[in-house]
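Results of the structural survey
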Amino acid sequence: MREDERSGRHEAAPPGAEPARALAASVLAARLDPGLYLVATPIGAARDITLRALDVLNAADLLAAEDTRTLRHLMSIHGVPLRGRRILAYHDHNADRARPAILAAIAGGQSVAYCSDAGTPLVADPGFRLSRDVAGAGGRVHAVPGASALLAALTVAGLPTDRFLFAGFAPSQKGARRRWLERQARLDATVVIFESPRRVKDMLRDLCEIDGDRDIAVCRELTKKFEEVLRGPARSVMEMIPEEGLRGEVVVVMAPGGEVAADDEAVRAALADRLGRMTMRDAAAEVAAAAGRPRKDVYRMALAMQEERDNDDTDAMD
């Protein structure tokens, strides 16, 4: 018999197959060369750490982390001792103050392992300036690859992976988010977006106004107990999401678009959103660029909409 690690269920091994058994693995303690080691850590399941990552965490002279408590917990799970080493906090709010100590340690011949909170450092996580400054000072920068929410989402989304763009986090304000999505939707590449679980439904509403038929995948809690992937056209997936949004970490993957002309209803909706706050010429130019329609056609639609508004106002006065 063998035990499913996540569910606790027991399954019979296939006839003639050797049952699953625990594998012995050792963490090495060989001294590391001086430099910065960017260590990928699990995004959910703790066992997604690599053996090399454990080697580096075990042997590094100095440890640095976006969240020191998270790294301490991870090392405790895998039995990697601190041995009196300190863990230096390095995150967006203290990077300028913490960076000199790391640079000085590397210049002094030490090895420094840096871990972001989860996943791969520098991928929507701190570390860019640290990596750049170490390299600029002549130090070595080493990648210790492993888990990444970006690649995990691409893997399970069921969308093309031959060309993709990581777009990071979507803007939180509706107007900025809509314009941002219009740019992403025109790309001839699969687009990977990080989004707040509370705002994901709002983002999908905006996307539906641009192209409700666009295939997407909303990936939630990847590698964790309640992992979930919602796939389908944007409008269908949006309807699966509660009004209050989702819980947990969310990644949205959007199928390639290219220059697809929007229909008249979508163009009018986009114009209506802008005409109250922009000149007609500017509104027509922006919508034409976003919708893949000739500017003169969109301008004529804007004129017609304005005439309808003027007529309605006249009727109301009469």
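The sections below set out a description of the structure shown in this document. It should be emphasised that the depicted structure is a prediction, and the values quoted were computed from it without experimental measurement. (Residues numbered from 1 in each chain as written. Predicted model: local features only at pLDDT ≥ 70, side-chain atom pairs only at ≥ 80, totals over all residues. Heavy atoms only, no water.)

Hydrogen bonding along the main chain pairs the strands of a sheet, whether they run parallel or antiparallel. An order of 8-9-12-10-11 is seen for the 5 strands of this open sheet, with the pairing classed as mixed. Both outer strands of the open sheet, strand 8 (164-169) and strand 11 (228-233), are each paired with one neighbouring strand and no more. Pairwise comparison of adjacent strand axes, ignoring direction, gives a mean angle of 15° for this sheet. As defined by bridge partners, strand 9 (residues 190-195) adjoins strand 12 (residues 250-254) across 5 bridges and the pair is classed as antiparallel. Bridging across to strand 12, Phe194 finds its partner in Val251. Against the sheet, helix 6 (residues 174-185) contacts strand 8, strand 9 and strand 12, and its axis sits at roughly 170° relative to strand 8. (Pairing = 2+ DSSP bridges. Helix = DSSP H or I, 4+ residues; strand = E, 2+ residues; numbered from the N terminus. Axes fitted to C-alpha atoms, helices over the stretch in contact; angles between N-to-C directions. Contact = heavy atoms within 4.5 Å.)

The next point concerns the side chain of Gln184. The topology assignment puts Gln184 in helix 6. The class for Gln184 is buried, based on a relative accessible area of 9%. (Buried < 20%, exposed > 50% of the residue type's maximum accessible area, 1.4 Å probe, protein only.)

For strand 9, the buried fraction is high: 6 of the 6 residues fall into the buried class. The two faces of strand 9 match: Thr190, Val192 and Phe194 on one face and Val191, Ile193 and Glu195 on the other face are all buried. Where strand 8 and strand 9 come together, 5 bridges link them in parallel fashion. Considered in strand 9, the bridge of Phe169 is made with Phe194. In this region the chain leaves strand 8, passes through helix 6 and returns to the parallel neighbour strand 9; the handedness of that crossover is right-handed. (Right-handed = clockwise from strand over helix to strand, strands pointing away.)

Moving on, we get to helix 2 (residues 68-77). Among all positions in helix 2, only Leu71, Leu74 and Met75 are buried. Down the axis of helix 2, the smallest arc covering the buried residues is 95°, so these residues share one side. Helix 2 presents Arg69, His73 and Ser76 as exposed residues on the side facing more than 90 degrees away from its buried surface. Structurally, helix 2 contributes buried residues whose contacts are with helix 1 (51-59), strand 4 (62-65), strand 5 (87-89) and strand 6 (111-115). Gly79 sits one or two positions beyond helix 2 and adopts a positive phi of about 70°. (Arc of directions from axis to C-beta.)

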